[in-house]
Each structure stands twice: as C-alpha cells, then as structure tokens.
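Each chain, written out:
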Amino acid sequence: MQKMVFFPFVAVFSVLCVASSGDRQYAYQKCVSECSVKGCDLSLVLRWTLWDCESNCRYECTHSVTARNLREDGEVHQFHGKWPFTRLFGMQEPASVLFSLLNAWAHWRGFLAVVAEIREKAGPKADSRGLGGLYLTNACLCMFGWFWSAVFHARDLPFTEKMDYFSAVGSLLFNAYIALVKLFNLLEPNRRRLRTLLQFICIVFYTMHISYLSLWDFDYSYNMAAGITVGLSSNTAWLLWSLCNYKKRYYHYKILAFVILITLAMSLEVLDFPPWFWILDAHALWHAATVPLDFLLYSFILDDLRFDDIGPLLAR
C-alpha cells in the first residue's frame, strides 16, 4: 500500500510547471540556443538513457546558469519545474531512483512474506482469491508503481511521466478498494454483490481516468484532484476500520500508525528546498522515509492474515 496505498501523493499530485524562473532567464535561453546550434557528442551511457542534444543542452545550461547565479546573488532557481540535479549514469534524480527501488524491494520482501503466510495456513496449492489474494495483488501493484517511479526519476519523459502517474493512481485506487472491503466486510458470501458493484465502480473510474488523460492533453490539475480524492477515501476507510476494530483486533494500531506516519512523511514535500550536493532534495527524502514504513505495513498485513481464518477466505 503506499506508493500504491495512500502515498505516492507526490508523484500523483505534483503539478508540472511548464516554465519556471530559471528557464525564463535570458542567459539560460541564450545558452540553450547556442548549444543547440553547436550540436553535441553524447556518450554511450547518455544515448542508452535516451538523452538527445536538446535535453543535454538544457542540462548543461541549467548548471552553467545556476553556477553563475550562485556567484552573483546566491540564488538557486528551478528549470522546467525541477531543481538542478547532478545526473549519475544518465539518471536525472539518482537519490529518488535509489529510494524508489528500495521501496520496490521492501514490497517484494512483503510479497514473499504474504505468500509464505498463505502457504503455511492453507497449503502450497492455496487458492488466493480472498484476503490473501488482495494483499498479494496490492504488493504487486506497489512494486509496479515504485518501478515506474524509479524509471520516471531516472528519465523524465512523457511516457515515463504518464506511467508513473497512472500506476500511482491505480495503486491508490486498489488500496481504497481493499480498505472498503475490510471496512464493510465485503468478503462475506452474502455481500458478494456489493463487492462486485464496488469492483465495477473502480474499473469504470480507472478506465475513464486513463482515457481522459491519454486521449486529450494531460490535465495535471484533474490528475491531482483525482489522486487526492481517492487517497483521502482510502485513508478515511482505514482510519474508520481501525477505530471500529480497536477492541477486536490487537494490531489495529499498526494501520493507524502507518496512515499517520506516512502523512507526516509526505509533509517533507512542503519543504521543497534545492537539493543538497545537487542530489538529495525533499522529494527524495520523502521516498526514503517510506522505506521503513513498508515493513510496518506488512507487519499489519501479516497480523491481519493470522487473525482471520484465511483458509476459508482463500477458498471462496
């Protein structure tokens, strides 16, 4: 749950600036223009990571103009909606790439733990269509989302941007689905129709969401509003579930703590400072803060599976 759950808010909610104070400077525009005329000789690594002359000129001019600004007035500007970063092996934001991959690894560990728990309770041929199956799907969507987060931070391109945003909203939506299933006990046989209706609503919403953002110009404001709405729905459902089960389930506090801590971690985004050493910014710190919280999340999931008799649930 996280990148997928309520928490890739940054990838989901950040609104890309078409122009920033840095790229509006005459010195930057002149630098890019002159660089483009001269042409470039890209290394093999840069070509492999899909840099071209134009993007490389923007990178070089971003740093040359930033160096000049620091000498003159000590101010660091954003360029095309981003702070200046030092690329590493062609990766634009190496710290965010690293922490995104660490989050994906944490969810892989969680996936394996859930599989082991299901097999221990229901045998190696367990039918994962119940609660255990939901948590396994959740883990897969988290890994998928964090993978595209890493790719997007490595190279900010139109395709990688959309995959990052789409996977984030998709994982948020699935987590909201799990939270509502838990809150209203929709795995019960007599509530199958309600569960089917909820599935239908989620599928229709996500299909329309992707279609709208793909067939027309990408609407960043709408994407942010959609992510916030789904994320708040998910958070609210989990908080209500925790409050409703505080006497019944001893581990309820874990998901409560997770929601609160992940929200606090997201507050790092508000800082939005120029990157330390041109590598580590507030966004990267947010991704770093979510890594240990992944383990708290799977501690809750495993307790939830152990509390229920998951054998009958898996057989449905």
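First, a word on scope: everything that follows refers to the structure included in this document. Just so it is clear, the model here is predicted, and its values are computed rather than measured. (Residues numbered from 1 in each chain as written. Predicted model: local features only at pLDDT ≥ 70, side-chain atom pairs only at ≥ 80, totals over all residues. Heavy atoms only, no water.)

With that settled, consider unusual backbone geometry. A positive phi angle, close to 55°, is found at Phe 277, a residue other than glycine. Within the secondary structure layout, Phe 277 lies in the loop between α11 (268–271) and α12 (282–307). With phi around 60°, Trp 278 is a residue other than glycine that occupies positive phi space. When you line up the elements, Trp 278 lands in the loop between α11 and α12. (Helix = DSSP H or I, 4+ residues; strand = E, 2+ residues; numbered from the N terminus.)

Right, let's talk about the state of the cysteines for a bit. Applying the stated criterion across every chain, the model contains three disulfides. One disulfide bridge connects Cys 31 with Cys 61, the sulfur atoms lying 2.1 Å from each other. On the sign convention where negative means left-handed, the S-S torsion of about -85° between Cys 31 and Cys 61 marks this disulfide as left-handed. One end of the pair, Cys 31, is in helix α2 (residues 26–38); the other, Cys 61, is in helix α4 (residues 53–72), with 30 residues separating them in the sequence. Note on Cys 31: relative accessible area 22%, which makes it partly exposed. Here Cys 61 falls in the buried class, since its relative accessible area comes to 1%. Between the sulfur atoms of Cys 40 and its disulfide mate Cys 53 the distance is 1.9 Å. (Disulfide = S-S within 2.5 Å. Buried < 20%, exposed > 50% of the residue type's maximum accessible area, 1.4 Å probe, protein only.)

How two helices sit against one another is set out by the angle between their axes and by the gap between those axes. It is the contact of helix α7 (residues 158–183) with helix α8 (residues 192–215), at a shortest axis distance of 11 Å, that shows an interaxial angle of 165°. It follows from the interaxial angle that α7 and α8 lie roughly antiparallel. Note that α7 runs across α8; the crossing there is right-handed. Here α7 contributes Lys 162, Phe 166, Ser 167, Val 169, Gly 170, Leu 173, Tyr 177, Leu 180 and Val 181 to the contact with α8, which in turn contributes Arg 195, Leu 198, Gln 199, Cys 202, Phe 205, Tyr 206, His 209, Ile 210, Leu 213 and Ser 214. Broken down by class, the residue content of the contact of α7 with α8 amounts to twelve nonpolar, five polar and two charged. (Axes fitted to C-alpha atoms, helices over the stretch in contact; angles between N-to-C directions. Parallel < 35°, antiparallel > 145°, perpendicular 65-115°, else oblique. Left-handed = near helix turned anticlockwise from the far one by under 90°. Contact = heavy atoms within 4.5 Å. Nonpolar A, V, L, I, M, F, W, Y, C, P; charged D, E, K, R; others polar.)

Moving on, we get to the side chain of Arg 87. Along the chain, the position of Arg 87 falls in the loop between α4 and α5 (94–122). Within the structure, Arg 87 has its side chain in polar contact with the side chain of Asn 56 (distance 2.7 Å). (Polar contact = N/O pair within 3.5 Å; in protein donor to acceptor, adjacent residues only side chain to side chain.)

To continue, consider the packing of aromatic side chains. Tallied over the full model, the rule gives 24 aromatic pairs. Between the aromatic rings of Phe 144 and Trp 148, the centroid separation amounts to 6.4 Å while the plane-to-plane angle is 70°, which identifies the pairing as edge-to-face. Taken as a pair, Phe 144 and Trp 148 lie in helix α6 (residues 131–154) at a separation of four residues, close to a single helical turn. Residue Phe 144 is classed as partly exposed on the basis of its relative accessible area of 39%. Aromatic ring contacts, followed pair by pair, group Trp 238, Trp 241, Tyr 250, Tyr 251, Phe 300 and Phe 307 into a single cluster. Its guanidinium or amino end placed over the ring of Trp 51, Arg 87 lies 4.6 Å from that ring's centre, counting from NZ or CZ. Arg 155 extends its terminal NZ or CZ atom over the ring of Trp 51, reaching a point 4.1 Å from the ring centre. (Phe/Tyr/Trp six-rings, centres within 6.5 Å; stacked < 30°, edge-to-face > 60°. Lys NZ or Arg CZ within 6 Å of the ring centre and 35° of its normal.)

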